[in-house]
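Reading the structure
Listed here are the chains, written in short residue letters.
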Amino acid sequence: MDSAYFLSFFISLFLFTRAAVGATFTFVNNCEYTVWPGILANAGSPTLTTTGFELPQDSTRSIIAPTGWSGRFWARTGCIFSGSEPGSCLTGDCGSGQPECSGSGAAPPATLAEITLGNGGLDFYDVSLVDGYNLPMILEATGGSGMCASTGCVTDLNRACPAELRFGAGEACRSACEAFGSPEYCCSGAFNTPATCRPTVYSKMFKSACPRSYSYAYDDPTSTFTCSGADYTVTFCPSMPSQKSSKDTTPTMTTPSGTVNGDGSLSGSNPNMGGSQPGVSGSGTGSESQTTMTDGSWLAGLAMGDTTRVYCSPSLNYSIIFAVFIFSVFS
């Protein structure tokens, strides 16, 4: 067998491995305190290697998900886990009494990151405030193709939270649905369609502060983003980016799932994402401006829009290096 055969074989093997792995999720804690990320797989998706863990200040942890995986992430705060007795968290508690959430979701209010990995096609992702807010969060795609825009909420909404939405001593900010339970706020009953469920004064406040996040259940056009073949980083308490000042004239393009806007958002809903469903969490303008984090990565200007990040992921780099090595051995 000649070198071309071996090279073709190993390249195919690594491409297959990449497709089977799906994506790597990296969690970064830039908060001035420990958080306990929670992970909940959607129905039909396998449970990952962990469903919750402790993440101290200035630390990171990565988890691999298979192709087609769908679920959500959030951060629990103020947790006390003694080991012998069931513990609890001030915000985002999943009720398990342990660091592992074991199939339970976040008690609102909690900032949520939601993602559906494609099976060879587009990934869909968003950051949702439909269930309220407990801390700043951004979700960034790396190493993928397409728009791959960053999304999230970098504003401290707890400081600006109206008194009627304030949770506890100000540790979080509730949604209007959670606070009042009215159909017009929850997009339920007679308000369970995009035509009848419209933005309220409270969802508009959330949208104004965090324009790329879901503010209510049918906030799809400006809140769902797409990428293909990427890894993802979820950062809790990211650095505040600078605002943009000139108009973004990036053109739009149409896909079978809807229209991808110049900022990477999707006009039209993905049926696998929670934001377009009533009663279920969801889950501009500007010149290029970026902020450097302590770990050297770049944050897009989320306050008024962002810029696309495209570079090779570590797993793809290793595949290329190994393929070159095999070629040199058998040539």
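This text goes with the structure placed above it.
Notes on the structure follow. (Residues numbered from 1 in each chain as written. Predicted model: local features only at pLDDT ≥ 70, side-chain atom pairs only at ≥ 80, totals over all residues. Heavy atoms only, no water.)

Scanning the entire structure with this criterion turns up 12 aromatic pairs. Summarising the aromatic geometry, the rings of Trp-69 and Phe-73 are spaced 5.7 Å apart at their centres and angled 15° between planes, so their arrangement reads as stacked. The buried category is assigned to Trp-69, whose relative accessible area is 0%. Note on Tyr-185 and Tyr-202: the rings are 5.9 Å apart at their centroids and 70° apart in plane angle, and the pair reads as edge-to-face. Placement of the pair is Tyr-185 in helix α4 (residues 183–186) and Tyr-202 in helix α5 (residues 201–209), with a sequence separation of 17 residues. Residue class for Tyr-185 comes out partly exposed when judged on its relative accessible area of 26%. These aromatic residues form a ring-pair network of at least three members: Phe-25, Phe-27, Phe-53, Trp-69, Phe-73, Tyr-125, Phe-225 and Tyr-232. The ring of Phe-53 has Arg-61 sitting right over it, with the charged end atom 4.5 Å from the ring centre. (Phe/Tyr/Trp six-rings, centres within 6.5 Å; stacked < 30°, edge-to-face > 60°. Buried < 20%, exposed > 50% of the residue type's maximum accessible area, 1.4 Å probe, protein only. Helix = DSSP H or I, 4+ residues; strand = E, 2+ residues; numbered from the N terminus. Lys NZ or Arg CZ within 6 Å of the ring centre and 35° of its normal.)

With that out of the way, let us pick up the pairing of strand β4 (residues 70–76). Burial within β4 is extensive, with 7 of its 7 residues counted as buried. Here β4 shows two buried faces, one formed by Ser-70, Arg-72, Trp-74 and Arg-76 and the other by Gly-71, Phe-73 and Ala-75. Where strand β2 (residues 36–41) meets β4, 6 bridges bridge the pair, whose relative direction is antiparallel. If you follow Ile-39 over to β4, its bridge partner there is Phe-73. As paired elements, β4 and strand β5 (residues 112–116) share 4 bridges and run antiparallel to each other. The residue bridging Gly-71 from the neighbouring strand is Ile-115, located in β5. (Pairing = 2+ DSSP bridges.)

Moving on, we get to the nonpolar core. With 32 residues, the main nonpolar core has Phe-25, Phe-27, Trp-69, Phe-73, Tyr-232 and Phe-236 as its most contacted residues. Listing elements by their share of this core, those giving two or more residues are β1 (23–29), β3 (60–65), β4, β5, β6 (123–128), β7 (137–142), β11 (225–227) and β12 (231–236). Leu-165, Cys-173, Tyr-202 and Phe-206 belong to the second largest nonpolar core, which has 11 residues in total. (Core = buried A, V, L, I, M, F, W, Y, C linked by side-chain atoms within 4.5 Å.)

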